[in-house]
Amino acid sequence: MGLIRIGIIGKTNTGKTTFFNAATLLNAEVQPYPFTTKQPNIGVAHVSSPCVCREFGVKCQPRNSVCIKGWRFHPITLIDLPGLIKGAHEGKGLGNQFLTVAAQSDALIHLVDASGSIDAEGNIVEIGHGDPVSDYFDIEEELVLWYQKIIEGNRFSIEKHEKTLGIVDAFYMVLSGIKVTKEQIENALIITGLLDKPFKDWTMEESKTFAYTIRDISKPTIVVANKIDLEGAEKNYIRLSKTLKDVVVIPASADSELALRRAQQKGLVEYVPGDEEFRVVKPDALTKKQKRALEYMERFVFSKIMRTGVQFALNALVFKVMGYKYVYPVEDPEHLSDKKGRVLPDVFLLPRHADLRDLGFEIHSEIGKNLIYGVDVRTGLKLPRDYILHDRDVIHLVVAKRGGK
Ligand SMILES: Nc1nc2c(ncn2[C@@H]2O[C@H](COP(=O)(O)OP(=O)(O)OP(=O)(O)O)[C@@H](O)[C@H]2O)c(=O)[nH]1
Ligand SMILES: [Mg+2]
């Protein structure tokens, strides 16, 4: 299984590239002009959760991940997309090509400028003049219309294949390229009540409802209310939270996370992404400007929302909304190590319904095939192959030995 792919969408100038740079610490182009980003940037970011090393009182030696001060970071793929505006599904702005990239993600972060400092076209305006709530709905509408356009654009093919393959497979032929599964198509048809209605009889309204439902269930999404450090942003954040009842909304300051990670790299501050504080290492080494920037963050970010929200948003999306879990397999349960004595070398990021067998296959197909049972290392409990793994499980897999070796 490849890394989870998360796309960052949102109106232009909301801070997507800043968020991406902060999360990946790469240096893509950031500018206060609309449509600065013309090509998607792809980078590696991380999710994090407390490593089990502290609980077990051991020093871990991570191989596929890193442990920083008791936090285990596992890589994910992050994609920074060009900004959207109204009419994008018709190719306005940088429209279509990028929607295709967005649709290839497993989940989305929808960034909005909570300070209201962009207008409907994405130009920087005086703070408070833009409306992040309507920005959010504009962009969501574009996404749905784009899905609908794909469906309507393939009407002929869907109608033709529906006769021989049935409606689910007919849609699957068209939608599989944008990471929609058969199960999701079937669920969307059930939810919309369209499972038994031939596609040729669908009204435009029905095809839009279906498009909306497909978008909704195939791309788990959180909203990040960015630029929370600016005046009036908190008010808009609360308004967003109240309006979007079924969506997780997270306040953030991407700019601050970027500054902190850079300061940390230069050795100016002690800071672990996601931390609720940072510590100045050598106060005397700071320039006046740096000092002012850190004070600004303390005052307008940390004392307001406790953290910058960037790492928190990635974690919330992957662990809470998508339901992924961390699982630590160990070959030697006594020493919590692999055969070479490396302690807690790997953590696997597994989807919601993954069981022991899935873990086995994830490590090696031979382990998956020859798995007999597992052991919960915390309790010594023997676990059957269809045991659904829990977050932060430490597991020893018992595999059938082959041919006297
Ligand atoms: N005050 C404040 N400004 C921010 C924050 N995050 C980003 N910005 C600023 O917002 C402007 C736009 O940032 P970008 O990251 O280029 O925005 P974008 O969404 O990638 O823009 P496009 O690629 O044009 O769609 C820049 O001037 C950033 O410095 C934040 O948390 N607080
Ligand atoms: Mg950008």
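Residues numbered from 1 in each chain as written. Chains lettered and ligands numbered in written order. Predicted model: local features only at pLDDT ≥ 70, side-chain atom pairs only at ≥ 80, totals over all residues. Heavy atoms only, no water.

### Some points on unusual backbone geometry
Heads up, the rule is: The helix count covers DSSP runs of H or I at least four residues long, the strand count covers runs of E at least two residues long, and both are numbered beginning at the N terminus.
With phi around 75 degrees, Asn13 is a residue other than glycine that occupies positive phi space. Structurally, Asn13 is set in the loop between strand S1 (5-10) and helix H1 (16-24). With phi around 55 degrees, Lys179 is a residue other than glycine that occupies positive phi space. The topology assignment puts Lys179 in the loop between helix H6 (167-175) and helix H7 (182-192).

### As for the sheet that holds strand S10 (residues 325-329)
Which entries qualify depends on this criterion: Think of it this way: DSSP has to see at least two bridges between two strands before they count as a pair. Lines are fitted to the C-alpha atoms to define the axes, a helix being fitted only along its stretch in contact, and any angle between axes, read from their N-to-C directions, falls within 0 to 180 degrees. By definition in these notes, contact holds between two residues if any of their heavy atoms fall within 4.5 Å.
One open sheet accounts for five strands, arranged S11-S10-S14-S12-S13; its pairing is mixed. Edge positions in the sheet fall to strand S11 (348-350) and strand S13 (381-383), since each has one partner strand and no second. On average, adjacent strands in this sheet sit at an angle of 40 degrees to one another, irrespective of strand direction. Here three bridges tie strand S12 (residues 371-376) to S13, and the two strands are oriented antiparallel to one another. Within S13, the residue paired with Val375 across the bridge is Lys382. Together, S10, S11, S12, S13 and strand S14 (393-399) form the strand contacts of helix H13 (residues 356-363), whose direction differs from that of S14 by roughly 75 degrees.

### Some thoughts on the packing of helix H10 (residues 254-265) against helix H11 (residues 288-305)
To be explicit about the condition: The scheme is simple: roughly parallel for angles under 35 degrees, roughly antiparallel for over 145, roughly perpendicular for 65 to 115, oblique for anything else. By the definition used in this description, the sense in which the near helix is turned from the far one sets the handedness, with an anticlockwise turn below a right angle giving left-handed and a clockwise turn giving right-handed. Three categories are distinguished: nonpolar for Ala, Val, Leu, Ile, Met, Phe, Trp, Tyr, Cys and Pro, charged for Asp, Glu, Lys and Arg, and polar for the others, with Gly belonging to the last.
H11 packs onto H10 with a crossing angle of 140 degrees between their chain directions and a minimal axis gap of 11 Å. Taken together, the axis directions place H10 and H11 in an arrangement best described as oblique. The interaxial crossing formed by H10 with H11 has left-handed handedness. Across the interface between the two elements, Ser256, Ala259 and Leu260 from H10 touch Leu294, Met297, Val301 and Phe302 from H11. Its residues assigned to classes, the contact of H10 with H11 comprises six nonpolar, one polar and no charged.

### Quick look at the nonpolar core
Selection criterion: What makes a nonpolar core is a set of buried Ala, Val, Leu, Ile, Met, Phe, Trp, Tyr and Cys residues whose side-chain atoms join them at distances within 4.5 Å. The rule is simple: take the accessible area with a 1.4 Å probe, protein chains only, and divide by the maximum for that residue type; under 20% is buried, over 50% is exposed, in between is partly exposed. Residue ranges assigned to the domains are those given by an automatic or database domain assignment.
In this structure, Phe19, Ile109, Leu314, Leu344 and Leu349 are the most contacted members of the largest nonpolar core, which totals 41 residues. Among the elements that take part in this core, helix H12 (residues 310-321) stands out by supplying seven residues, more than any other. A domain split of this core shows at least three residues from each of domain 1 (5-40 + 81-243) and domain 2 (330-399). The contact partners of Leu314, leaving out residues within four places of it in the chain, are Phe19, Ala23, Ala45, His46, Val47, Ile76, Leu78 and Ile109. In terms of nonpolar packing, the next biggest core, distinct from the first, is built from 34 residues, Ile79, Leu81, Leu143 and Trp202 among them.

### Here's the deal with H12
Note the threshold: Multiplying one less than the number of residues by 1.5 Å gives the expected span of a helix.
For H12, which comprises twelve residues, the first-to-last C-alpha distance of 16 Å matches the rise-based estimate of 16 Å (1.5 Å per residue) to within 8%. Extensive coverage of H12 is indicated by the burial of nine of its twelve residues. Taken together, the buried positions of H12 are occupied by Val310, Gln311, Ala313, Leu314, Asn315, Ala316, Leu317, Val318 and Phe319. Gly323 sits one or two residues past H12 and shows a positive phi near 75 degrees.

### Examining the domain arrangement of the chain
Domain parsing of the chain yields domain 1 (5-40 + 81-243) and domain 2 (330-399). The distance between the C-alpha centroids of domain 1 and domain 2 comes to 37 Å.

### Here we look at a positive patch on the surface
The condition that has to hold: Surface patches are drawn from residues lacking salt bridges whose relative accessible area is over 30%; two like charges belong together within 9 Å, two nonpolar side chains (Val, Leu, Ile, Met, Phe, Trp, Tyr) within 5 Å. Residue burial considers only the protein chains on display, and all accessible areas are found by Shrake-Rupley using a 1.4 Å probe. The rule for a salt bridge is simple: a side-chain nitrogen of Lys or Arg has to be within 4 Å of a carboxyl oxygen of Asp or Glu. Only four residue types enter the tally: Lys and Arg on the positive side, Asp and Glu on the negative side, with His and both chain ends excluded. The atoms used to mark charge sites are NZ of Lys, CZ of Arg, CG of Asp and CD of Glu.
A contiguous patch of positive charge on the surface is contributed by Lys288, Lys289, Lys291 and Arg292. Relative to the assigned elements, Lys291 resides in helix H11. Note on Lys291: relative accessible area 39%, which makes it partly exposed.

### A closer look at the pattern of salt bridges
Taken as a whole, this structure holds 21 salt bridges when the rule is applied. The salt bridge involving Arg155 is made with Glu159; its shortest N-O contact spans 2.9 Å. Placement of the pair is Arg155 and Glu159 together in helix H5 (residues 155-165), with a separation of four residues, close to one helical turn. Put simply, Lys11, Asp135 and Asp138 are held in one network by salt bridges that share partners.

### Re the side chain of Asp355
On the secondary structure map, Asp355 appears in the loop between S11 and H13. In this structure Asp355 is buried but unpaired, with Arg357 as the nearest side chain of opposite charge at 4.5 Å. Apart from the residues within four sequence positions on either side, Asp355 is in contact with Arg385, Asp386, Tyr387, Ile388 and Leu389.

### Points about the packing of aromatic side chains
Cut-off, in case you're wondering: What counts as a ring pair is set by centres within 6.5 Å for rings of Phe, Tyr and Trp (its six-membered ring), and what kind of pair is set by the plane angle: stacked under 30 degrees, edge-to-face over 60, tilted for all other angles. Note on criteria: charge over ring means Lys NZ or Arg CZ within 6 Å of the ring centre, with the direction from the centre no more than 35 degrees off the ring normal.
The final tally for this structure, using the stated rule, is eleven aromatic pairs. With centroids separated by 5.1 Å and ring planes inclined at 90 degrees, the aromatic side chains of Phe319 and Tyr326 adopt a geometry described as edge-to-face. For Phe319, a relative accessible area of 14% puts it in the buried group. Judged by relative accessible area, which is 0%, Tyr326 ranks as buried. Geometry around Phe312 places Arg307 over its ring, the cationic atom sitting 3.9 Å from the centre.

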